[in-house]
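The primary structure of each chain is shown beneath.
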Amino acid sequence: MLRPALTILSGNLGSSALLFARNLTLAALIPVEDYGIAATFALAVAAVEMASAFGLQQQIVQAADGDDPRLMRALQGFQLFRGILAAGVMLALAIPLADFLNVPQVAWAYAVLALVPLLNGVRHLDIHRQNRSGRFGALAAEQTLPALVAFLAIFPLAAWLGDWRVMLVSILIHNMGAALVSQFAAERPFRPAFDRARWGRTLRFGWPILLNAGLLFAVFQGDKLIVGRLEGMVALSTFALAVTITLTPALIVLRSLQTGFLPRLSRRAEAGEIDRPAARLIQLALALGLAGMGVGILAGPIAARWLAGSDYIAVAGLLGPMAILQGLRVAKVGTNIAALATGQTGNAAWSNIPRLAALAVGWWMLEGGASVVVLVWLAAIAELAGIAISASMFRAARPDPIALPWASYAGFLALAAAATGAILATAPPLGA
């Protein structure tokens, strides 16, 4: 178990660290307003990917016939079709998105980003099939190598272009590299196929995941849309950088837990033995969530001294609240993964719904003159509600309801409340 775990962690850590370094380095190399524009590219790509997400990777891992070559060919065909469809959507959205964000001069760049879903459409799914037998090397390579090339590319690109176009080219390099690595690392040929029965099955399996993808877009990108629309690109650059600093480690944990635990829990679920490993996963997610909160809260004062006098000094005040938000999100993923392993694909979607209400209230408050930090605190309250929804749904769906680790939940909530109180006690006024 140790070697696969280290492979998963190294892949997630390597790719996330490289993309994190790319974003921080780019913030130092281009003007602050250009960094805000660059942040919208990830937002645009996420919007299109959200609209075409059907959990193909999860289906290969979770399905009993995930090793069947016929299923592989059908899912490859489905992925290629959705990539073509998503590219068309991206082209159609290019001008409206640029107008919404008040950056009409960037519309052509959003159109160029239509290449990203096409490249994702030709990624080979065999690297995910290999995960079923505990082989994660190909996935780690697909995560790390393209991210390394994309990071190294920003230095000559910054010297040549010197503005937001650096991020545009880096995103294209990253996705092209991922497609190439997935093809080279595959053990089976790339043979997309149209299979009405299996495509229908994929739609039935994936529609809750598609719904959750839409909610995840709201979770990870909705607040950036609001800030970019109402506050402008300079404010968005600060907000996006704070999100990058806190979200990157959270995503490492989220992806590592799902990649590492979903295959094991799926096998245990088939054998009717999921209760104990699910409880251990929930406790681990709670502990990691608390750890993330602590590190993020301590990072705030350190960042304030480091960023003093720079254009990004406001980032320091956002790190503590955002660390609490991401810690709550990590805490919730335990029951999300356990539910997915038992075929409850709607658990994550329902647990993300409170974030929609938080975004609506946040937009209204920001228009009224509130600080952008209000968006973060509202999101944290919504994540707290999501934890309760996810745990309740997972427990209720079990034939013999699982005894959730309530003491661990209580300890987590008490420490999270103490951390939140400490930050609020020293926070500036609401509209500051």
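All of these numbers come straight from a predicted model, not from anything done at the bench.

Colleague: Mind showing me how you'd approach the overall build of the protein here?
Modeller: Secondary structure summary: the protein contains 16 helices and zero strands in total. In the protein, buried positions account for 56% of the 432 residues. Once local pairs closer than 6 in sequence are excluded, the contacts in the protein between residues at least 24 apart make up 83%. Within the structure as shown, the protein displays about 18100 Å² of accessible surface, and the carbon and sulfur contribution to it stands at 69%.

Colleague: Would you take a moment to explain the pattern of salt bridges for this structure?
Modeller: Summed over all chains, the structure comprises five salt bridges. For Lys 332, the salt bridge identified is with Glu 383, shortest N-O distance 2.9 Å. Residue Lys 332 is found in helix α13 (residues 315-341), and its partner Glu 383 is found in helix α15 (residues 373-397); the two are separated by 51 residues along the sequence. By the burial criterion, Lys 332 is buried, and Glu 383 matches it. In this structure, a network of salt bridges that share partners links the residues Arg 329, Lys 332, Arg 355 and Glu 383.

Colleague: Would you explain a positive patch on the surface in this entry?
Modeller: Side chains of Arg 267, Arg 268, Arg 276 and Arg 280 sit close together on the surface and give a patch of like positive charge. Mapping Arg 280 onto the fold places it in helix α12 (residues 275-307).

Colleague: Mind showing me how you'd approach the nonpolar core here?
Modeller: One broad trend across soluble globular proteins is that nonpolar side chains are buried collectively. Counting 99 residues, the largest nonpolar core has Phe 41, Val 106, Tyr 110, Leu 113, Leu 265 and Ile 337 as the members making the most contacts within it. Of the residues forming this core, the biggest block, 15 residues, is contributed by α13.

Colleague: What am I meant to see in the environment of Arg 196 here?
Modeller: Assignment of secondary structure puts Arg 196 in helix α10 (residues 196-231). Taking the C-alpha atoms as reference, Arg 196 lies 8.6 Å from Ala 74; in sequence the two are 122 residues apart.

Colleague: Help me understand the packing of helix α14 (residues 347-367) against α15, please; the structure alone is not making it clear to me.
Modeller: The geometry of a pair of packed helices is captured by two quantities: the angle between their axes and the separation between those axes. Two elements in contact, α14 and α15, have axes separated by 8 Å at closest approach and are oriented at 160°. In terms of their interaxial angle, α14 and α15 are classed as roughly antiparallel. Helix-helix and strand crossings are classified by hand; for α14 and α15 the assignment is right-handed. Of the residues in α15, those touching α14 at Asn 347, Trp 350, Ser 351, Pro 354, Arg 355, Ala 358, Val 361, Gly 362, Trp 363, Met 365 and Leu 366 are Val 374, Leu 375, Leu 378, Ala 379, Ala 382, Glu 383, Ala 385, Gly 386, Ile 389, Ser 390, Met 393 and Phe 394. Tallied by class, residues from the contact of α14 with α15 come to 16 nonpolar, five polar and two charged.

Colleague: What am I meant to see in α13 here?
Modeller: For an α-helix, the turn length of 3.6 residues means that residues three or four places apart are oriented alike. End to end, α13 covers 38 Å across 27 residues, agreeing with the expected 39 Å (1.5 Å per residue, within 8%). Along its length, α13 shows its largest kink, about 30°, at Val 333. Taking burial as the measure, the 27 residues of α13 include 26 buried ones, the bulk of the element. With its phi angle positive at about 90°, Gly 343 sits one or two positions after the end of α13.

Colleague: It is not clear to me how the packing of aromatic side chains should be interpreted in this structure. Could you clarify?
Modeller: Going through the model one piece at a time under the given rule, you end up with five aromatic pairs. Note on Phe 41 and Trp 164: the rings are 5.7 Å apart at their centroids and 65° apart in plane angle, and the pair reads as edge-to-face. In this pair, Phe 41 is assigned in helix α2 (residues 32-50) and Trp 164 in the loop between α8 (137-160) and α9 (165-185), connecting sequence segments 123 residues apart. Comparing Phe 41 with Trp 164 shows no difference in burial state: the two are buried. Judged by centre distance (5.5 Å) and plane angle (80°), the rings of Phe 151 and Phe 155 are edge-to-face. Here Phe 155 and Phe 151 lie together in helix α8, a separation of four residues that amounts to about one turn.

Colleague: I'm lost on the side chain of Asn 175 in this one. Help?
Modeller: Here Asn 175 lies in helix α9. Judged by relative accessible area, which is 10%, Asn 175 ranks as buried. Here the side chain of Asn 175 touches Ile 171 through a polar contact of 2.8 Å, landing on its backbone oxygen. Look past the residues within four positions of Asn 175 in its chain and what remains in contact with it is Val 116, Leu 119, Asn 120 and Arg 123.

Colleague: Is there a simple way to think about the side chain of Glu 142 in this case?
Modeller: Inspection of the secondary structure assignment puts Glu 142 in helix α8. A polar atom in the side chain of Glu 142 sits 3.1 Å from the side chain of Arg 123. Non-local contacts of Glu 142, meaning those with residues more than four positions away in its chain, are made with Arg 123, Ile 127, Ala 178, Val 181 and Ser 182.

Colleague: I tried to follow the environment of Gly 292 on my own but got confused; where do I start?
Modeller: For Gly 292, the location among the structural elements is in helix α12. Looking at Gly 292, the relative accessible area reads 33%, which means it is partly exposed.

Analysis parameters
The written sequence of each chain sets the order in which its residues are numbered from 1. In view of the model being predicted, local features appear only for residues whose pLDDT reaches at least 70, and side-chain atom pairs are presented and counted only at 80 or more, with totals across whole chains, interfaces and linings using the full set of residues. Computation of side-chain values: all heavy atoms of the structure, hydrogens and water removed. Numbering of helices and strands starts at the N terminus; helices are DSSP runs of H or I of at least 4 residues and strands are runs of E of at least 2. Buried residues are those whose accessible area, probed at 1.4 Å on protein chains only, stays under 20% of the maximum for their type, while exposed residues exceed 50% and partly exposed ones sit between those limits. Throughout, a residue-residue contact means that at least one pair of heavy atoms, one from each residue, lies within 4.5 Å. Residue burial considers only the protein chains on display, and all accessible areas are found by Shrake-Rupley using a 1.4 Å probe. Put simply, a salt bridge is a Lys or Arg side-chain nitrogen that is within 4 Å of an Asp or Glu carboxyl oxygen. Note on patches: the residues involved have over 30% relative accessible area and no salt bridge, like charges join within 9 Å, and the nonpolar side chains Val, Leu, Ile, Met, Phe, Trp and Tyr join within 5 Å. Counted as positive: Lys and Arg. Counted as negative: Asp and Glu, with His and the chain ends omitted from the count. By convention, the charge on Lys lies at NZ, on Arg at CZ, on Asp at CG and on Glu at CD. Here, nonpolar core means buried Ala, Val, Leu, Ile, Met, Phe, Trp, Tyr and Cys residues that are tied together by side-chain atoms lying within 4.5 Å of each other. To obtain an axis, a line is fitted to C-alpha atoms, over the contacting stretch when the element is a helix, and the angle between two such axes runs from 0 to 180 degrees between their N-to-C directions. Oblique is the label for any angle not covered by the other classes, which are roughly parallel (under 35 degrees), roughly antiparallel (over 145) and roughly perpendicular (65 to 115). Crossing handedness follows the turn of the near helix against the far one: under a right angle anticlockwise gives a left-handed crossing, and clockwise gives a right-handed one. Residues were grouped as follows: Ala, Val, Leu, Ile, Met, Phe, Trp, Tyr, Cys and Pro as nonpolar; Asp, Glu, Lys and Arg as charged; and all remaining residues, including Gly, as polar. Given the number of residues in a helix, its expected span is that number minus one, multiplied by 1.5 Å. We define the bend at any residue as the angle between the axes fitted to the seven residues before and including it, ending there, and the seven starting there. The pairing test for Phe, Tyr and Trp rings, Trp by its six-membered ring, is centres within 6.5 Å, and the orientation test on the planes gives stacked under 30 degrees, edge-to-face over 60, and tilted for anything in between. For this analysis, a polar contact is any N or O atom pair within 3.5 Å, provided that within protein one partner can donate a hydrogen and the other can accept it, and provided that sequence-adjacent residues contribute only side-chain to side-chain pairs.

Read these as geometric descriptors, not functional statements.
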